[in-house]
Amino acid sequence: GDATPQQAWDALSTNPKAQLIDVRTQPEWLFAGVPDLSSIGKKARYVSWKFYPTYELNADFIAQLRSEVSDSAAPLYFLCKTGGRSLDAAIAATKAGYAECYNIEGGLEGESNEYRQRGQVTGWKAAKLPWEQA
């Protein structure tokens, strides 16, 4: 299913087992920033769904996810740039046996505004949730 950024934050804040899985590429983590979960005593997990620059699917995604989160009952909140790749990753994780997988609507940056800028309309940044520039 889908969760708003605020719903994801609330779940991450209140459920010790809930995890945020950032499925973007390494350049995106470096240049667009990353969610900052330090105020709730957590760290995001980083497992790319696709690889830059070819955007080839990460064939080891599930294995890498399992190495990050072994508890298949833990609620997982998947995040990408705008919500497309994270939806695909959440579906794949559900098929692999994870019980609760959610796509964070709008991703980290969301839709562009009238000036073609992201982070202002929808997504994690627009919701004013904590993030940091790498």
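Below, the structure is looked at part by part. (Residues numbered from 1 in each chain as written. Predicted model: local features only at pLDDT ≥ 70, side-chain atom pairs only at ≥ 80, totals over all residues. Heavy atoms only, no water.)

**Remarks on the overall build of the chain**
Move 1: A tally of helices and strands in the chain yields four helices and nine strands.
Move 2: Its helices and strands taken in sequence order, the chain reads β-α-β-α-β-β-β-β-α-β-α-β-β from the N to the C terminus.
Move 3: Taking 2.2 N^0.38 as the reference for a compact globule, 134 residues should give roughly 14 Å; the C-alpha atoms of the chain span a radius of gyration of 14 Å, in line with that estimate.
Move 4: In the chain, buried positions account for 44% of the 134 residues.
Move 5: Put simply, 64% of the contacts in the chain that link residues at least 6 apart link residues at least 24 apart.
Move 6: When the 14 basic and 16 acidic side-chain charges of the chain are each reduced to a single mean position, those positions are 2 Å apart. (Helix = DSSP H or I, 4+ residues; strand = E, 2+ residues; numbered from the N terminus. Rg over C-alpha atoms; globule rule 2.2 N^0.38 Å. Buried < 20%, exposed > 50% of the residue type's maximum accessible area, 1.4 Å probe, protein only. Contact = heavy atoms within 4.5 Å. Lys, Arg positive; Asp, Glu negative; His and termini not counted. Charge placed at Lys NZ, Arg CZ, Asp CG, Glu CD.)

**A look at the side chain of Thr25**
Move 1: Among the structural elements, Thr25 can be located in the loop between β2 (19–22) and α2 (26–32).
Move 2: Leaving out residues up to four positions away in the same chain, Thr25 has contacts with Ser48, Lys50, Phe51, Tyr52, Tyr55 and Arg85.

**Notes on the sheet that holds strand β4 (residues 45–46)**
Move 1: Spatial ordering of the open sheet is given by β1-β8-β7-β2-β4, a layout of five strands whose pairing is parallel. The open sheet has two free edges, formed respectively by β1 (2–3) and β4, since each of these has just one partner strand.
Move 2: Bridge analysis of β1 against strand β8 (residues 101–104) gives two bridges, and the strand direction is parallel. Note on β8: the bridge partner recorded for Ala3 is Ile104.
Move 3: The sheet strands contacting helix α4 (residues 84–95) are β1, β7 (76–79) and β8, and the helix crosses β8 at an angle near 180°. (Pairing = 2+ DSSP bridges. Axes fitted to C-alpha atoms, helices over the stretch in contact; angles between N-to-C directions.)

**Things to note about the pairing of β7**
Residues in a regular strand project their side chains so that they alternate between the two faces of the sheet.
Move 1: Of the two faces of β7, both are covered, the one formed by Leu76 and Phe78 as well as the one formed by Tyr77 and Leu79.
Move 2: In this structure, β2 lies alongside β7, joined through four bridges in parallel fashion. Bridged to Ile21 within β7 is Phe78.
Move 3: Two strands pair when backbone bridges link them, and β7 and β8 are joined in this way by three bridges, in the parallel orientation. Bridge pairing in β8 links Leu76 to Cys101.
Move 4: In this fold, the crossover linking β7 to β8 by way of α4 has right-handed handedness. (Right-handed = clockwise from strand over helix to strand, strands pointing away.)

**A short note on the environment of Asn113**
Move 1: Note that Asn113 resides in the loop between β8 and β9 (131–132).
Move 2: What makes Asn113 buried here is its relative accessible area of 15%.
Move 3: With near-sequence residues (within four places) excluded, Asn113 lies in contact with Gln120 and Val121.
Move 4: Separated by 2.8 Å, the side chain of Asn113 and the backbone nitrogen of Tyr115 make a polar contact. (Polar contact = N/O pair within 3.5 Å; in protein donor to acceptor, adjacent residues only side chain to side chain.)

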